[in-house]
Amino acid sequence: MLFRSYLAIESTPTKPAPDFERYAIPIVPLMIGLAYCGLARVWSSCSSVVSRCLTSALVILTLVVPLGDTLALDYYLTRDTRAEAAKWLSARPGLAFFEIHSGTHWDVWSVPQSTVAQDRAAGIAYLVTSSFCYDRYFRGSRLEYQPPEVYQIHAQYVKLFTYPYVEFRPRYRDFAFTNPVIRIIDIRQSKVVPPKQ
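Residues numbered from 1 in each chain as written. Predicted model: local features only at pLDDT ≥ 70, side-chain atom pairs only at ≥ 80, totals over all residues. Heavy atoms only, no water.

(A) Spotlight on the pairing of strand β2 (residues 124-130). Along β2, seven of the seven residues are buried, which leaves the element largely enclosed by surrounding structure. As defined by bridge partners, strand β1 (residues 95-98) adjoins β2 across four bridges and the pair is classed as parallel. Counterpart to L95 in the pairing with β2 is I124. Between the parallel elements β1 and β2, the chain passes through helix α5 (residues 116-121) in a crossover that is right-handed. Here five bridges tie β2 to strand β4 (residues 182-186), and the two strands are oriented antiparallel to one another. Looking at β4, one finds that V128 is bridged to I184. (Buried < 20%, exposed > 50% of the residue type's maximum accessible area, 1.4 Å probe, protein only. Helix = DSSP H or I, 4+ residues; strand = E, 2+ residues; numbered from the N terminus. Pairing = 2+ DSSP bridges. Right-handed = clockwise from strand over helix to strand, strands pointing away.)

(B) Seen up close, the environment of A85. For A85, the position within the fold is in helix α4 (residues 81-90). Distance in space between the C-alpha atoms of A85 and E167 is 8.4 Å, their sequence separation being 82 residues. Among residues more than four places away in sequence, those in contact with A85 are F168, I182 and I184. (Contact = heavy atoms within 4.5 Å.)

(C) Highlighting the pattern of salt bridges. One pass over the structure, following the stated rule, counts six salt bridges. Residue R171 pairs with E84 through a salt bridge whose shortest N-O separation is 3.8 Å. Of the two residues, R171 sits in the loop between β3 (165-168) and β4 while E84 sits in helix α4, which places them 87 residues apart along the sequence. Close ionic contact of E167 with R169 constitutes a salt bridge, the shortest N to O distance being 2.9 Å. By relative accessible area, R169 is classed as exposed at 52%. Salt bridges here are not isolated pairs; linked through shared partners, they connect E167, R169 and R183. (Salt bridge = Lys/Arg side-chain N within 4 Å of Asp/Glu carboxyl O.)

(D) Up close: the packing of aromatic side chains. Within the structure shown, the criterion is met by eleven aromatic pairs. Between Y157 and F161, the ring centres sit 5.8 Å apart and the planes meet at 35 degrees, which makes this aromatic pair tilted. By the burial criterion, Y157 is buried, and F161 matches it. In this structure an aromatic cluster arises from ring pairing among Y134, Y137, F138, Y157, F161 and Y165. Lying over the aromatic face of Y75, R79 brings its terminal NZ or CZ to 3.7 Å of the ring centre. Just above the ring of F161 sits the side chain of R183; from NZ or CZ to the centre is 4.4 Å. (Phe/Tyr/Trp six-rings, centres within 6.5 Å; stacked < 30°, edge-to-face > 60°. Lys NZ or Arg CZ within 6 Å of the ring centre and 35° of its normal.)

The following block contains the structure:
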């Protein structure tokens, strides 16, 4: 039963970014219960002190590694890249235009919905983009048979990223809806520069 439940979750290719993990949460208690039952059987089959020590060491190791990841994720949960980007923007003059997942509020689903010329005419100095939005188009552009908009929006992002930008990366890693890579694109200059590698 556990295998079928887990397989149903993991075999679904359409889980949307950026929070792939949330789909497995309902079966976590069941997995913990079955893991305990399995460990109890392994422990009862250990006949020597050496085998019990090895089993204990293996259990401790399997708990310590995820615990380190959990503590790091918890620590950086309140140190979001969007807060750093907002602080950077507040120290500079100029209107910023935010796409989804790039700040506490957003103006548009994705910044390529308008052109740089239109944004400049509206008095916008910075376009604030989020990897939670643009990554899906970069991934989609490498796949066949996507809607034409996927390839078009990807090409527009590529062009946007040739403008000067400041990037805020997570100190640990992104998780769920926290700590995306934020790129603040300066569109005040008409000169396009080579993309950063």
